[in-house]
Amino acid sequence: MYAYDEIDRTFLNERVSEFRDQVQRRLAGELTEDEFKSLRLMNGVYLQLHAYMFRVAIPYGTLSSRQLRRMAHVARKYDRGYGHFTTRQNIQYNWIKLAELPDAMEDLAEVGIHAIQTSGNCVRNVTTDQWAGVVPDEVEDPRVWAEVLRQYTTLHPEFSFLPRKFKIAITASDHDRAAIKVHDIGLRILRNDKGELGFEVLVGGGLGRTPFIGKIIKPFVHARDIISYVEAVLRVYNQYGRRDNIYKARIKILVHELGAEAFARDVETEWAQIRDSALLIDDAMVDDIRSRFSYPAYEKLSDTPDELKKADDPRFQAWLQNSVAPHKEPGYAIVTLSLKPVGGPPGDATAEQMDAIADLSDRYSFGELRVGHEQNLALPNVAKRDLPALWRALDKIGVATPNVNLVTDIIACPGLDYCSLANARSIPIAQELTRRFADHDLASMIGRLHVNISGCINACGHHHVGHIGILGVEKNGEEVYQITIGGRADEKAELGVLIGPAVKYAEVADVIEDIVEAYLALRARPDELFVDTVKRLGVEPFKERVYATR
Amino acid sequence: MPLVKNTTIVADEFVRVADEDSIPDGPVLLPAARFLVDPDGVLKRNAKVGVIWPNNKPIAELAPYLDRLAAIALVFPTFRDGRGYSQARLLRERFGFRGELRAIGQVLRDQFVFMLRAGFDAFEVKKDSDAAAFADVAKRYSVFYQPTGDGRATATRQRLSHPAEAARS
Ligand code: HEM
Ligand code: SF4
């Protein structure tokens, strides 16, 4: 957990009163909607199909039980009793009234939660590994550096009106759970051969209508220089990024047009001027931030407790296999809570569920929770002996579906159900797929398979990097869907390849079933993942299977 | 459009000269193209000279003249176009410009704090009500998370110098 101090609290209060003033001026007609737009966006407020949408940040995906309870309170008091967890460690509320937004913000600010820079053309909420600080293999806790950058980018006077939004993600593990290769800046924490801490810097990744995998522009930036290096990247982008066409304004286009080498050189030249400035990070600053992350007082516990040996309920065993991951401390585990029940919209949680999960995290996880980009929650500090009891409690509130990373653990954007930009529905497709693959034995036999759905080319559902990607487009007034396969968002990130012509809404689930059947017939071994089979064989055999009968 | 300096509305001493006009006596603000025809010539006048610099022209081109320029006006064609902030910081922090740094164009209340931090000290504000509110708006924030050339102490510095006041929650 990270503790805000008096300084941070003062800042948040100042922010809320500024927004209150902006809303009042908008309601009084002193601000046009156009003028208000960029102000509300910087506070996470979108105008959607039915109402204002409010996107609240969950910095580096870490939450306290108290904060989650407050999110439940906001869902209940200002919205329709639920919230939606997104792919960028945010929660969204879809039905908030403008006049009540400042109050909702004030309620959140009391527990150190805010919506600053969750939208708008600024540096967004910095995201990282949802298992940061508890996973066995990390170089160090990436949240410390996410917090360094969160502070540095918060209301940055130079970079609050960039050509386009700007997203930074950080990982510190071999296995990248933060999708750093599809971010504007991706940072991988590592140590050089002298043992010094630093970052590999990738730039220009992103999805949307022109997807790119990020390119390494600097193999090692010493940790003390990371702020000045990021400032150099932002400054080059702010001056030279395109502003004539919103679809060409992301940094990925600048990097692509200049070439990564030329872009890196520009950054290097800028960086040389500022690296020894006030931006140099001193140890005292990092130590201070590190000291405000508290870690639980773990007990010495058995890694193979009797409670686990005795638990023979096959449903529990299925969940244990699927949703429980190794922890850095013996005797503890990381538990993922699936927000993907059969037939439900991915990523939604009701206020009652949030309250119950908050209580369970107090009881079983030292009051701490995590939110990951797969739209699931996690309890990061569960004693293994408590797993059976925790499972019963989670099962009761519907968040123990053992489908983490399986074909029904679908990432989907809001699509036509909420989003004003949508061409097609995404949530109902996700719901249908969860029904088709509801049989747990089938799904676990298929193994790890990420399905991602976006309702338009903006790619909020990350369809390009889904093992199977589904993109809704509009053709002659009809919703049709393009299907890609072979994408992935981890350390081996790749963009999926289109398998052929778009298919109709009613056919999507059948097509996905065909692709999965083809995979089961083609895989070399039961543990060859879907993406690896696609990599080995290419899209042809899948294409044949899908279009042979259509 | 009201001009704000030192948080109060003041009269503008500069006369803005269009490309085709002749240059009058007294302080003038010239468009970049006009200025660049004969910079050394205009800078020899014995009244103040300022230049209006577009946001897509490298600010380094002004470096040879900075010690003789009384004012530079940077342009915000819309409030969404933030190139002027980078230009302002470079002028102040890299090139050491000490004259008047003026924000012109779509300058609205909610940019004041950012502009002050980037080094602007004069503001042609679009709306009268925003100009009137300048002093209050400028005080909106007492906490700043990143260092710029404006010298305000950052949150980190505040914390490290007064650890007791920043009591943990
Ligand atoms: C319902 C309202 C929403 C609207 C209007 C919206 C709009 C957009 C737009 C226009 C873009 C493309 C921007 C660009 O590439 O320059 C975008 C990207 C993105 N959105 Fe959304 N979005 C919405 C909801 C969501 C939700 C619910 C999620 C998470 C589940 C999400 C996650 C993302 C992500 C991760 C990207 C970045 C993709 C990339 O890297 O290009 N959005 N969104
Ligand atoms: S991908 Fe398109 S439809 Fe889906 S949320 Fe984003 S903008 Fe809306």
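In what follows, the structure referred to is the one given above.
Now for a quick tour of the structure. Bear in mind that the values here come from a model prediction, so they are computed numbers and not experimental data.

**A few points about the overall build of chain B**
Helix and strand content of chain B: 7 helices and 8 strands. Its C-alpha atoms give chain B principal-axis dimensions of about 65 × 35 × 30 Å. For chain B, long-range pairs separated by at least 24 residues make up 46% of all intrachain contacts whose partners lie at least 6 apart in sequence. Approximately 7400 Å² of chain B is accessible, and the part contributed by carbon and sulfur atoms is 52%. Measuring between centres, the 25 positive side-chain charges of chain B sit 7 Å from its 21 negative side-chain charges.

**Here we look at the coordination of the iron atom of ligand 1**
Looking at the protein side alone, the iron atom of ligand 1 has one donor only, A:Cys460 (SG), at 2.1 Å. Position of A:Cys460 relative to the elements: it lies in the loop between β17 (451-454) and β18 (468-475).

**As for the layout of surface pockets**
Residues and elements named next belong to chain A. Of the voids in this model, the second largest pocket is the one considered here, and its volume is about 570 Å³. Lining the second largest pocket are 35 residues; nearest its centre among them are His175, Glu374, Asn405, Arg448 and His450. For the lining of the second largest pocket, the secondary-structure elements that each account for two or more residues are α11 (314-323), β11 (324-326), β15 (377-383) and α17 (530-537). Of the residues in the lining of the second largest pocket, the class split is 12 nonpolar, 14 polar and 9 charged.

**Regarding the site of ligand 1**
Residues and elements named next belong to chain A. Neighbouring residues of ligand 1: 22 residues in total, closest Lys165, Lys167, Arg250, Cys460 and His462. In the environment of ligand 1, an oxygen atom lies 3.1 Å from a nitrogen or oxygen atom belonging to the side chain of Arg164. Contact between ligand 1 and Arg250: an oxygen atom at 2.9 Å from a side-chain N or O atom of the residue. For the shell around ligand 1, a count of residues per class yields 7 nonpolar, 9 polar and 6 charged.

**A closer look at the interface of chain A and chain B**
A common way to report how large an interface is uses the accessible area buried once the components associate. Counting residues at the interface gives 50 residues for chain A and 38 residues for chain B. When residues of chain A are sorted by the area they lose upon contact with chain B, A:Ile7, A:Pro157 and A:Phe161 head the list and together hold 18% of the total. Taken together, the links from chain A to chain B amount to 13 salt bridges. With its nearest N and O atoms 2.6 Å apart, the salt bridge here joins B:Arg94 to A:Glu270. When residues of the side of chain A that touches chain B are traced back to their parent elements, those giving at least two are α1 (6-27), α2 (33-41), α5 (142-153), α6 (226-240), α8 (260-274) and α9 (283-291) of chain A. Of all the elements, α1(A) adds the most residues to the side of chain A that touches chain B, at 12 residues. In the side of chain A that touches chain B, the residues fall into 17 nonpolar, 12 polar and 21 charged.

**Description of α8(A)**
Residue and element names in this part refer to chain A. Between its first and last C-alpha atoms α8 spans 21 Å; for 15 residues at 1.5 Å apiece the expected length is 21 Å, and the two agree. Within α8 the residues assigned to the buried category are Ala260, Phe263, Ala264, Val267, Glu270, Trp271 and Ile274. Projected down its long axis, α8 carries its buried residues within an arc of 130 degrees, all on one side. Facing away from the buried side of α8 by more than 90 degrees, the exposed set consists of Glu261, Arg265, Thr269 and Ala272.

**A few points about the site of ligand 2**
Close to ligand 2 lie A:Cys413, A:Pro414, A:Gly415, A:Cys419, A:Leu421, A:Ala422, A:Gly455, A:Cys456, A:Asn458, A:Ala459 and A:Cys460, which account for all nearby residues. Residue composition of the shell around ligand 2, grouped by class: 8 nonpolar, 3 polar and no charged.

Parameters at a glance
Residues numbered from 1 in each chain as written. Chains lettered and ligands numbered in written order. Predicted model: local features only at pLDDT ≥ 70, side-chain atom pairs only at ≥ 80, totals over all residues. Heavy atoms only, no water. Helix = DSSP H or I, 4+ residues; strand = E, 2+ residues; numbered from the N terminus. Contact = heavy atoms within 4.5 Å. Areas by Shrake-Rupley, 256 points an atom, 1.4 Å probe, with all protein chains shown as cover. Lys, Arg positive; Asp, Glu negative; His and termini not counted. Charge placed at Lys NZ, Arg CZ, Asp CG, Glu CD. Donors = N, O, S within 2.8 Å, 3.2 Å for Na, K, Ca; no water. 1 Å grid on protein atoms, 1.4 Å probe; cavity = no way out; pocket = protein on both sides within 12 Å on 5 of 7 lines; lining within 4 Å. Points joined across faces, edges and corners; volume = space filled by probe spheres on them. Nonpolar A, V, L, I, M, F, W, Y, C, P; charged D, E, K, R; others polar. Near = heavy atom within 4 Å. Polar contact = N/O pair within 3.5 Å; in protein donor to acceptor, adjacent residues only side chain to side chain. Buried area = accessible area lost by both parts, 1.4 Å probe. Salt bridge = Lys/Arg side-chain N within 4 Å of Asp/Glu carboxyl O. Expected span 1.5 Å × (residues − 1). Buried < 20%, exposed > 50% of the residue type's maximum accessible area, 1.4 Å probe, protein only. Arc of directions from axis to C-beta.

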